[in-house]
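What follows is each chain in one-letter form.
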Amino acid sequence: MRPLKSLMLAVGTVLALSACAPAAPPAVDTANDEAALKAATRTWLEAYNAGDVEKIVALYTEDGVLMPPHAATANGHAAIRAFLTAETAGAKAAGIKLVPGTSTAGVAGDTGWESGTYTVSNASGATVDSGSYLSVSRKSNGKWLYYRDTYNSDRPLPAPAPAEKK
């Protein structure tokens, strides 16, 4: 009889404790925010291809940081604007276009991220580069803005020119 009493007491204790355990928080639907993050990237790429630097700068927080490949970090709107002004002018002169690839996004509170791929095509449509990116955004006044943004090339740097013979 004693083992049965102990078993009943153990089962009762487990049931009582499970009733007191905090419930898991309800799942938060982040689909709209994730779509907004991806839309910001599409806007960034379209504006880059059009040379619309101001449209791109408006996608960043005032203290946003852009970390491009093979260039110094651009901190804040003025530095981001200066970098992108030169960058988009060079791309336009060379007939370069950025083409979006696949991406994934996520949200936790007022912080969001997106990572993905892109390709670079020349005026004839040939792919001349490819890469990946990671953007971290903050939601402010209902709008997602880039806080940290970086991208890189998947291709190696060109080989250095041979040294001149003396």
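For the structure itself, look to the data block above.
Residues numbered from 1 in each chain as written. Predicted model: local features only at pLDDT ≥ 70, side-chain atom pairs only at ≥ 80, totals over all residues. Heavy atoms only, no water.

### Brief notes about the sheet that holds strand 3 (residues 97–108)
Put simply, the test is: For two strands to be treated as a pair, DSSP must find at least two bridges joining them. Put simply, DSSP H or I for four residues or longer makes a helix, DSSP E for two residues or longer makes a strand, and each gets a number counted from the N terminus. In this analysis, two residues are considered to be in contact whenever any of their non-hydrogen atoms come within 4.5 Å of each other. Geometry is summarised by axes, namely lines fitted to C-alpha atoms with helices restricted to the contacting stretch, and by angles between N-to-C directions that run from 0 to 180 degrees.
The strand order across the open sheet formed by 6 strands is 2-1-6-5-4-3, and the pairing between neighbours is mixed. The open sheet has two free edges, formed respectively by strand 2 (74–75) and strand 3, since each of these has just one partner strand. As paired elements, strand 5 (residues 127–140) and strand 6 (residues 143–153) share 10 bridges and run antiparallel to each other. What sits directly across from L134, in strand 6, is T150. The strands touched by helix 2 (residues 31–50) are strand 1 (60–67), strand 3, strand 4 (111–121), strand 5 and strand 6; relative to strand 3, the strand with the most contacts, the crossing angle is about 155°. Contacting strand 1, strand 2 and strand 6, helix 4 (residues 76–94) crosses the sheet at an angle of about 45° to strand 1.

### Notes on the nonpolar core
As a rule of thumb, soluble globular proteins bury nonpolar side chains together. For the record, the criterion: Buried residues of nine kinds, namely Ala, Val, Leu, Ile, Met, Phe, Trp, Tyr and Cys, make up a nonpolar core once their side-chain atoms join them within 4.5 Å. Partly exposed residues are those whose accessible area sits between 20% and 50% of the maximum for their type, while under 20% is buried and over 50% is exposed, using a 1.4 Å probe and protein chains only.
W44, Y60, L66 and L84 are the most contacted members of the largest nonpolar core, which has 22 residues in total. If you list the elements that add at least two residues to this core, you get helix 2, helix 3 (53–57), strand 1, helix 4, strand 4 and strand 6. Broken down by element, this core gets its largest block of residues, 5 residues, from helix 2. Beyond its immediate chain neighbours, meaning those up to four positions away, L84 contacts W44, Y48, V53, I56, L66 and A89.

### A short note on the pattern of salt bridges
What counts, and what does not: Any Lys or Arg side-chain nitrogen located within 4 Å of an Asp or Glu carboxyl oxygen qualifies as a salt bridge.
One pass over the full model with this rule turns up 2 salt bridges. Here D33 and K139 are joined by a salt bridge, their closest N and O atoms 2.8 Å apart. Of this pair, D33 sits in helix 2 while K139 sits in strand 5, placing them 106 residues apart in sequence. On the basis of relative accessible area, D33 is assigned to the buried category, the value being 18%. By relative accessible area, K139 is classed as partly exposed at 32%.

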